[in-house]
Amino acid sequence: MFLRFFGYFFGIGAALFVIGAAVAGYFIYSYTEDLPDYTVLRQYEPPIMTRIHAADGQLVAEYAHERRLYLPIQAIPELIKNAFISAEDKNFYTHAGLDFQGIGRAVVVNLQNMGSNRRPIGASTITQQVAKNFLLTNEATLDRKIREALISLRIERAFTKDKILELYLNEIYLGIGAYGVAAASLLYFDKSVHELTLAEAAYMAALPKAPNNYHPFRHPDRAIERRNWVLDRMLENGYIDDATAEKAKTQPLEVRPRRTGAHLFAADFFVEEVRRQLLGMYGEDKLYDGGLSVRTTLNPEMQKLARRALIDGLLRYDERRGWRGPVQTISPGGDWGKPLGEIKPLQDVPEWRLAVVLSAGEKSAEVGLRPPREVSGALSKERKTAIIPFEQMKWARRWAVGDRKGRAVKTADKILAPGDVVYVETVADAEPQDGLPVYRLRQEPKISGALVAMDPHTGRVQALVGGFSFARSQFNRATQAMRQPGSSFKPFIYAAALDNGYTPSSVVLDAPISLPMGNGRTWTPKNYGGKFYGPSTLRLGIERSRNVMTVRLAKDMGMPLIVEYSKRFGIYDELMPVLAMALGAGETTVLRLTSAYATIANGGRRIYPTLIDRIQDRSGKTIYKHDQRICEACEAGVWQGQDEPPLIDEREQVLDPMTAYQITSMMEGVVLRGTATRVKAVGRPLAGKTGTTNDEKDAWFVGFSPDLVVGVFMGFDQPKSMGRGSTGGQLAAPVFRDFMKVALAEKPAVPFRVPAGIKLIPINRKTGQRARPGAPGVIMEAFKPGTDPTDAYSIIGYDDQLSGARTVTPEADRAIISGTGGLY
C-alpha cells in the first residue's frame, strides 16, 4: 500500500517536473532566441576622445561626444578596482554573473516599498551592468531584467572576470560628461587614475548609480555622504583598515574640474584650425569618437609671445584713435559686485578685468573689480577696489573721425563717470596709490589682425593668432580672411625678374605712366606719397616700395609670367593677368603669403604649411605624417656607430637658390634702409617687406630670419580706411619687431646662408654701378655668374616714357643713356 502510494505521488511529481522543465525550457527559449550577440564585446571599440598635443607633448585640447580614455585592466590601479567592486558588486570575483544573495535582499526591500512610488532597487552585478550598458536598454521592466540575467550568464562563460571589469570601468558614465574612470579622473580632479587618493577614488565609485544626485557643487553634502558610504564598504570588505577609512572621511571634496576647451593659454585659434582640418580629413565620427592622437606643430611659448605682440599692436592703434565709451552702465551703489558679476567678461583675455567706476575726480577714478567666481561657479563675496590714475587713461580722447584726432582730455572725470563698466589691466611694478593697486583703462579694439610664425624649412606653423579674442569672434584672420597683400606681393614680382635675366642692379624708370583699362578709361598708378624718382635699381625699388616702377617691370616681363610665379609660390590659385595685380590687388590669406615667403627663406623649395605633424589612430598606428622626406636608413634595429642617416628631399625647387638669396638680400635692405627700418631694433639679420593697400585698408609685414618666417596683418574685418599713415611699416612692422625680439632672444644670431656660386660685388646701391668698397652708399650686391654689373645699362620703361608725356630734359636723357646716372 505504501509502495503504491509512493509510486502514485512519484508519478505525479515526475509528470509535474517534466511539465515544469518544458515550461522553463520554453520560457528560456523565448527569451534567448532573440538575445543580442554578446560576442560583439570581443570587437568592442568604444567611442574615445581625440586628443590634440603641442609639439612638446603638452595636451592642447580634447574632442569627444563621450569623453572617454580607454585603459586596459592592467593599467587600472587596484585602489580603483577595490572601490568600485565594494560599491557595486562585492562578490564580483566569486559569483557566476548573478548575485542571488543580493537578489533576495532587493526582493525584500522592493516588497516593503510597494505602494510608496519609489523606484524599485536592483541587485545588478557588474556583469549585469555590462550586459545592460552594452547590449540592452535602461528600461526598468521585468522583461529587461530577465534578458539581462541570461546575457550575464553567457558573458561570464565567454570572458574572464578581468575583461568584464575592464569593459565596465571604461564604459560607465560618471557625470559631467565623463565616461570611464580615466576620463572621470581627469575631469573631476585633473589627475591620472594613478594619482588619485583614497577619498577621490571612493567618490568616483559613488557616482555610477546617479551621478547628478552626487554632483560635487550642487549636492556636496550628499556627495560626501555617499563617498563615506563607499569607504565603509571598502572597510567591510577588508580593502582598508579603520584608521585609513576615518582619515579619508575627514578629507574635503576637492574637485577641480578640468578645462574642456583649449588647454593651453592663447592657443584657441590654432586649435580650432586643427579641429577644422581634422573634420575635413576624417569626418565628425572619427574626430569625436575615433580616439585619434594628434601631434601638432604648436610651440606653446612662441604662441604666447605671438598673441602678446599682436594684441599690443592692436591696442596701440586703437588707443591712438581714442575712447568709445564704457562696456555698460550699472548702479555703483549698494552691492555693486552682484550686477557687475553678471556681465560676462572676455574669457580669453585674463590680463583684463571688468570694473565699475565708483567715483571719478580730476586726477583719478576709483573702481570696483568684478568678483571672481569660485570653482563651483558661484560668485565670490569678495569685493576689491582699485585706482586708475589719469596717466593711465589720458589716451582716452574722444574717438577720432576720419584722419582727425579727437579732442584731448585733461581730467579723469571727463572720461569716466560713476556706474561706467570698463575693462582695466593691472600696471606691473606700479606703487599703490592711496593704498589701492594701480590699473590702466582698457577697451576692446575694433581693428583686428593676424600673426603666423613658421619654420621655413618644413612649413611647420609654430604659432598662429587669428584675432584679438577667440571668445569674441572665432573667425580666423590668419586662415579664413581673404585680404589684398598690397606691396608685400612685390618680392615675387622681383623674384620672377631675377629668375629671368634681370639683376638687382637692373634699372627701371620711376616716372608717370598711364595704361588703358579696356573700357575707354586709363589707369595711372602712383607711388605712396605721390612723388616720382626717375631711373632706379630693382633694389631701390623694393627697398622704397615703388609702385610705378613695379608696374613697368611687370609690363616688361608680361603678366602671364607673374601669374605663373604666383601659383608656383601658392599665393593665388588663379590671378587675373592684369597689371594692377602686380601691386597686390588680388586676395590671399596670411598663412598662404607667409608660406610663400618661407619658400624664399629656405632657398627656393616649395613648402606646404601644416599645423599637424602626425596623427595616430586609437591603436597607435600612424595614419598621417606631414614630413614626406625619405630616410632609407632610419629603420636600423641597433646603432653600430653608423653616421646619422641622410634625408632625401624631393620637394619641388620653385626658385633658383641664387635668386632666393638675391631677393633676400634686397629685402634685408627694406629693413636696413627702406620702409621697415623699425625692424632694425631686433638686432638680427632680418629680411622682409611691408604692404599697404589703397586707402590704408590693409597693413602687412612679412619677414624672416634664416630659420623663422613671420607674417603680420592688421585691418578691420569689414575693410575700411585705418587713417592716413596707417601703413604696413607703421602698424604691422612693429608687431613683427616686438615678436622677433623675444622669439629670437635665446637663439644665436645666424647670417643668411649664401649659396655656392653667387658673387658679392661692391656697388653703389643707388646707381647699381661698381664702386670702391667702403665708400658712402656702397653695399655688397649679389650677382649670379655672368651677370656682373657693366659700365653702361639700359633703362626698363624708358621707351614708354619717350612715347608718352616726358618729364625729363634732353640733357637728362643723354645722361641716362650714357650711363652716368645723371638723374640720381
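### A short note on the overall build of the chain
Moving on, step 1. Across its full length, the chain holds 22 helices and 25 strands.
Moving on, step 2. Taking the intrachain contacts of the chain between residues at least 6 apart in sequence as the baseline, contacts between residues at least 24 apart amount to 69%.
Moving on, step 3. Here the chain has roughly 38,700 Å² of accessible surface; of this, 52% comes from carbon and sulfur atoms.

### Details of the side chain of Thr-550
Moving on, step 1. By secondary structure assignment, the location of Thr-550 is in helix α16 (residues 547-557).
Moving on, step 2. Given a relative accessible area of 0%, Thr-550 falls into the buried group.
Moving on, step 3. Those residues within four positions of Thr-550 in sequence are excluded, and the remaining contacts are Lys-490, Ile-493, Tyr-494, Ala-582 and Leu-583.

### So, the sheet that holds strand β14 (residues 507-510)
Moving on, step 1. Spatially, 3 strands are ordered β17-β14-β25 in an open sheet, and the strand pairing comes out mixed. Across the chains shown, the open sheet's two edge strands, defined by having one partner strand only, are β17 (534-537) and β25 (795-796).
Moving on, step 2. Direction of pairing for β14 relative to β17: antiparallel, over a ladder of 4 bridges. In the sheet register, Val-508 faces β17, and the bridge partner there is Ser-536.
Moving on, step 3. α16 contacts β14, β17 and β25 of the sheet and is inclined by roughly 125° relative to β14.

### Here's the deal with the packing of helix α2 (residues 78-88) against helix α9 (residues 220-236)
Moving on, step 1. Their axes nearest at 8 Å, the elements α2 and α9 cross at an angle of 100°. In terms of axis orientation, α2 runs roughly perpendicular to α9. Between α2, through Leu-79, Asn-82, Ala-83, Ser-86 and Ala-87, and α9, the contact on the second element is made entirely by Trp-229, Val-230, Arg-233 and Met-234.
Moving on, step 2. Across the contact of α2 with α9, the residue classes break down as 6 nonpolar, 2 polar and 1 charged.

### A word on the sheet that holds strand β20 (residues 687-692)
Moving on, step 1. Strand order in the open sheet made by the 5 strands is β13-β12-β22-β21-β20, with antiparallel pairing throughout. Of all the strands in the sheet, the pair left with one neighbour each is β13 (461-465) and β20. With strand direction ignored, the average angle separating the axes of adjacent strands in the sheet is 5°.
Moving on, step 2. Looking at chain direction, strand β21 (residues 699-705) and strand β22 (residues 708-715) are connected through 7 bridges and run antiparallel. Residue Trp-700 lies in a different strand from β22, and its bridge partner there is Phe-713.

### Things to note about a nonpolar patch on the surface
Moving on, step 1. A surface patch of nonpolar side chains, amounting to about 260 Å² of accessible area, comprises Val-754, Leu-760 and Met-780.
Moving on, step 2. Looking at where Met-780 falls in the secondary structure, it is placed in strand β24 (residues 778-783).

### A word on the pattern of salt bridges
Moving on, step 1. The final tally for this structure, using the stated rule, is 48 salt bridges.
Moving on, step 2. In this structure, Glu-351 and Arg-307 form a salt bridge, with 2.8 Å as the shortest nitrogen-oxygen distance. Pair noted here: Glu-351 is in the loop between α13 (337-341) and β7 (352-360) and Arg-307 is in helix α12 (residues 300-321), with a separation of 44 residues, a long-range link.
Moving on, step 3. Judged by its relative accessible area of 22%, Glu-351 is partly exposed.
Moving on, step 4. In this structure Arg-307 comes out as buried when scored by relative accessible area, which is 6%.

About the criteria used
- Residues numbered from 1 in each chain as written.
- Predicted model: local features only at pLDDT ≥ 70, side-chain atom pairs only at ≥ 80, totals over all residues.
- Heavy atoms only, no water.
- Helix = DSSP H or I, 4+ residues; strand = E, 2+ residues; numbered from the N terminus.
- Contact = heavy atoms within 4.5 Å.
- Areas by Shrake-Rupley, 256 points an atom, 1.4 Å probe, with all protein chains shown as cover.
- Buried < 20%, exposed > 50% of the residue type's maximum accessible area, 1.4 Å probe, protein only.
- Pairing = 2+ DSSP bridges.
- Axes fitted to C-alpha atoms, helices over the stretch in contact; angles between N-to-C directions.
- Parallel < 35°, antiparallel > 145°, perpendicular 65-115°, else oblique.
- Nonpolar A, V, L, I, M, F, W, Y, C, P; charged D, E, K, R; others polar.
- Patch = residues over 30% accessible without salt bridge, like charges linked within 9 Å, V, L, I, M, F, W, Y side chains within 5 Å.
- Salt bridge = Lys/Arg side-chain N within 4 Å of Asp/Glu carboxyl O.

Function cannot be inferred from these measures alone, as they are strictly geometric.
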